[in-house]
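# A look at the structure
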Amino acid sequence: MTERPATTQRNQPVTVTVTGAGGQIGYALLFRAAAGAMFGSHTPVRLRLLEIPAGVRAAHGVALELDDCAFPLLASVDVFDEADRAFDGTDVAVLVGARPRTAGMERKDLLAANAGIFGPQGRAINDNAGDDVRIVVVGNPANTNALIASAHAPDIPVDRFTALTRLDHNRALAQLSHRFGVDTGHITRMAIWGNHSNTQFPDVSNVAVKGSPLAGSQLDRAWLRDEFIPKVADRGAEIIAVRGASSAASAANAIIDHVHDWFKGTPAGDWTSAAVMSRGEYGTPAGVFCSFPVTASGGAWHIVPDLKMSDEARSRLAISTDELLAERAAVAELGLLPVHHV
Ligand SMILES: NC(=O)C1=CN([C@@H]2O[C@H](COP(=O)(O)OP(=O)(O)OC[C@H]3O[C@@H](n4cnc5c(N)ncnc54)[C@H](O)[C@@H]3O)[C@@H](O)[C@H]2O)C=CC1
Ligand SMILES: O=C([O-])CC(=O)C(=O)O
């Protein structure tokens with residue numbers, strides 16, 4: 001047996017709770033998390049898997065397979081069907097567990113089906129998680145579910161809650177990479193604004209390719225309006241139509257990217273996209289989780305300040321934030337928000 005070099009340094013383990021762990025995204029996520037993709041090769045991970053009773057057996061199956069991978073960084077795996085126990089001491093809560101949409105549904109159609117999950121989970125995180133807990137909401141409609149969860153966690157700073165729009169960001173990078181014939185790593189300063197839905201605004205106005213801003217024919221407005229923006233905004237539906245199920249591996253990959261950057265920071269000179277609580281930045285309505293261009297440093301997200309926005313960009317963003325306000329009103333109507341959040 002090869003001995004580990006004496007210099008191998010090990011950080012304290014990070015505890016990650018994943019809800020919906022027996023589902024499609026869970027299956028694509030947990031093995032990469034256990035292999036060290038979130039926090040790097042020096043940080044062991046303790047996994048806590050939450051499922052509803054009907055999904056617990058599948059989650060146990062995933063736990064058996066995790067065991068069989070013999071990941072050196074995997075400190076423990078535990079399966080729960082009770083939120084209070086699953087979130088006990090957790091550092092990172094990944095809220096995936098929810099029903100996915102099927103062909104013909106919009107993400108907002110999931111509101112009534114899924115929103116009821118996130119209040120109790122927010123409360124369980126509030127009462128049980130570690131002091132520094134960070135939360136990423138993935139289950140749709142993700143932005144509004146993040147609002148519900150945070151509203152039920154009064155002791156946790158709202159900035160610790162996020163909703164995932166990194167998948168939209170990555171989709172946009174891939175489309176730009178195809179268009180301009182460069183690796184995605186050469187494309188910086190992409191931004192997703194608004195809701196994780198087809199009203200989102202994928203904005204290339206600050207994009208740089210190999211460090212140079214887009215110019216001339218690269219800014220083909222008809223291509224942006226008729227092809228790029230709808231391709232990115234409707235990609236989730238395209239995946240459902242082609243794959244027959246909603247995106248799972250690409251969603252898991254985006255979760256890894258999001259958590260990784262939150263802990264490790266975004267690269268100098270670039271930013272990414274995440275939905276965070278709006279305090280009115282860029283004219284957005286305060287009190288909804290809205291996607292912005294963000295940097296991460298010191299374990300916190302920072303909305304990129306002082307970007308110029310055209311009138312068209314502002315009106316596209318307003319369409320998406322109007323949808324967020326409508327979702328907020330709908331869940332308030334369903335009694336899913338505490339009164340002071342309405
Ligand atoms: N924000 C994003 O970028 C994306 C979000 N999604 C959303 O992620 C969610 C999950 O998608 P999949 O994994 O494909 O679905 P899935 O149906 O394969 O798995 C969901 C799992 O969640 C479990 N679950 C349901 N309610 C739960 C609860 N209260 N507590 C714990 N577990 C619970 C189910 O038993 C199931 O095993 C869906 O809402 C989907 O729309 C999917 C792709 C991208
Ligand atoms: O579209 C869906 O229902 C799943 C999802 O959020 C995505 O793929 O972006």
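Procedures and definitions
- Residues numbered from 1 in each chain as written.
- Chains lettered and ligands numbered in written order.
- Predicted model: local features only at pLDDT ≥ 70, side-chain atom pairs only at ≥ 80, totals over all residues.
- UniProt positions renumbered as here; feature names shortened; annotations may be inferred.
- Near = placed C-beta within 6 Å.
- Helix = DSSP H or I, 4+ residues; strand = E, 2+ residues; numbered from the N terminus.
- Nonpolar A, V, L, I, M, F, W, Y, C, P; charged D, E, K, R; others polar.
- Domains from an automatic or database assignment.
- Buried ≥ 20, exposed ≤ 12 C-beta atoms within 10 Å, placed from the backbone.
- Axes fitted to C-alpha atoms, helices over the stretch in contact; angles between N-to-C directions.
- Parallel < 35°, antiparallel > 145°, perpendicular 65-115°, else oblique.
- Left-handed = near helix turned anticlockwise from the far one by under 90°.
- Contact = placed C-beta atoms within 7 Å.
- Pairing = 2+ DSSP bridges.
- Right-handed = clockwise from strand over helix to strand, strands pointing away.
- Core = buried A, V, L, I, M, F, W, Y, C linked by C-beta atoms within 7 Å.

The name given to the chain in an unreviewed UniProt entry is Malate dehydrogenase, and the organism recorded there is Rarobacter incanus. In its Sequence similarities (unreviewed entry) section, the UniProt entry covering the chain states "Belongs to the LDH/MDH superfamily. MDH type 2 family."

So, about the site of ligand 1. In the vicinity of ligand 1 there are 31 residues, among which Gly 20, Gly 23, Ile 25, Gly 55 and Gly 97 approach most closely. When contributions to the shell around ligand 1 are tallied by element, the ones reaching two or more residues are α1 (24-35) and α4 (111-128). Broken down by element, the residue count for the shell around ligand 1 peaks at three residues, all from α1. Residues belonging to the shell around ligand 1 are distributed by class as follows: 14 nonpolar, 14 polar and three charged. The two domains that each donate at least three residues to the shell around ligand 1 are domain 1 (14-163) and domain 2 (166-328).

Here, UniProt's "domain: Lactate/malate dehydrogenase N-terminal" (unreviewed entry) annotation points to residues 15-154. Counting secondary structure, residues 15-154 comes out at 41% helix and 19% strand; the distance between its end C-alpha atoms is 22 Å.

Of all ten residues in helix α5 (residues 142-151), ten are buried, a share of seventy percent or more. Looking at α5, one finds that the buried residues are Ala 142, Asn 143, Thr 144, Asn 145, Ala 146, Leu 147, Ile 148, Ala 149, Ser 150 and Ala 151.

The next point concerns the packing of α1 against helix α9 (residues 249-264). Put simply, α1 and α9 touch, their axes get as near as 8 Å, and they point 40° apart. Relative to α9, the element α1 is oriented oblique. Every pair of crossing elements has a handedness; the one defined by α1 and α9 is right-handed. Contacts from Ile 25, Ala 28, Leu 29 and Arg 32 of α1 reach α9 at Ala 249, Ala 251, Ala 252, Ile 255 and Ile 256.

The next thing to look at is the site of ligand 2. Taken together, the residues surrounding ligand 2 are Pro 100, Arg 101, Arg 107, Asn 140, Leu 167, Gly 236, Ala 237, Ile 239, Ser 246 and Ser 247. The greatest single-element share of the shell around ligand 2, amounting to three residues, is contributed by helix α8 (residues 235-243). When its residues are assigned to classes, the shell around ligand 2 shows four nonpolar, four polar and two charged. In terms of domain composition, the shell around ligand 2 takes at least three residues from each of domain 1 (14-163) and domain 2 (166-328).

All right, on to the UniProt feature "binding site: substrate" (unreviewed entry) in the chain then. Feature annotation in UniProt assigns "binding site: substrate" (unreviewed entry) to the following positions: Arg 101, Arg 107, Asn 140 and Arg 171. Mapping Arg 101 onto the fold places it in the loop between β4 (92-95) and α4. Apart from residues no more than four positions distant in its own chain, Arg 101 is found in contact with Arg 107, Asp 109, Leu 110, Asn 140, Ile 240 and Ser 246. Look at Arg 107 and you get buried, because 24 C-beta atoms sit within 10 Å.

A word on the packing of helix α6 (residues 166-180) against α9. Helix-helix packing is described using two parameters, namely the angle between the two axes and the distance between the axes. Relative orientation of the contacting elements α6 and α9 amounts to 105°, with a least axis distance of 8 Å. The angle between the axes of α6 and α9 places the two elements in the roughly perpendicular class. On α9, the residues touching Arg 166, Leu 167 and Asn 170 of α6 are Ser 250, Ala 251, Ala 254, Asp 257 and His 258. A per-class count over the contact of α6 with α9 returns three nonpolar, three polar and two charged.

Alternating residues of β4 divide into Val 92 and Val 94 and Ala 93 and Leu 95, and every residue in both groups is buried. As paired elements, strand β1 (residues 14-19) and β4 share four bridges and run parallel to each other. Bridged to Val 16 within β4 is Val 92. Considered for its hand, the β-α-β crossover made up of β4, α4 and strand β5 (residues 134-137) is right-handed.

Let us look at the nonpolar core. Counting residues in each nonpolar core, the largest one holds 94 residues, and the members touching the most others are Leu 47, Val 94, Val 137, Val 138 and Ile 255. Each of domain 1 (14-163) and domain 2 (166-328) contributes no fewer than three residues to this core. Once you skip the residues sitting within four places of it in the chain, Val 138 turns out to touch Ile 25, Val 94, Leu 95, Val 96, Leu 164, Ala 251 and Ile 255.

Time to look at the domain arrangement of the chain. Domain annotation of the chain identifies domain 1 (14-163) and domain 2 (166-328). Taking only C-alpha atoms, the centre of domain 1 and the centre of domain 2 are 23 Å apart. Tallying the contact residues gives 31 residues for domain 1 and 30 residues for domain 2. Contributing elements (two or more residues each) for the side of domain 1 that touches domain 2: α1, β4, β5, α5 and β6 (161-163). Residue composition of the side of domain 1 that touches domain 2, by class: 20 nonpolar, five polar and six charged.

A cis geometry characterises the amide bond from Asn 140 onward to Pro 141, with omega recorded as -5°. With respect to the secondary-structure elements, Pro 141 resides in the loop between β5 and α5. Non-glycine residue Arg 189 carries a positive phi angle of around 65°. Here Arg 189 shows up in the loop between β7 (187-188) and β8 (191-193). The residue Lys 210 is not glycine, and still its phi comes out positive at about 50°. Note on Lys 210: 11 C-beta atoms within 10 Å, which makes it exposed.

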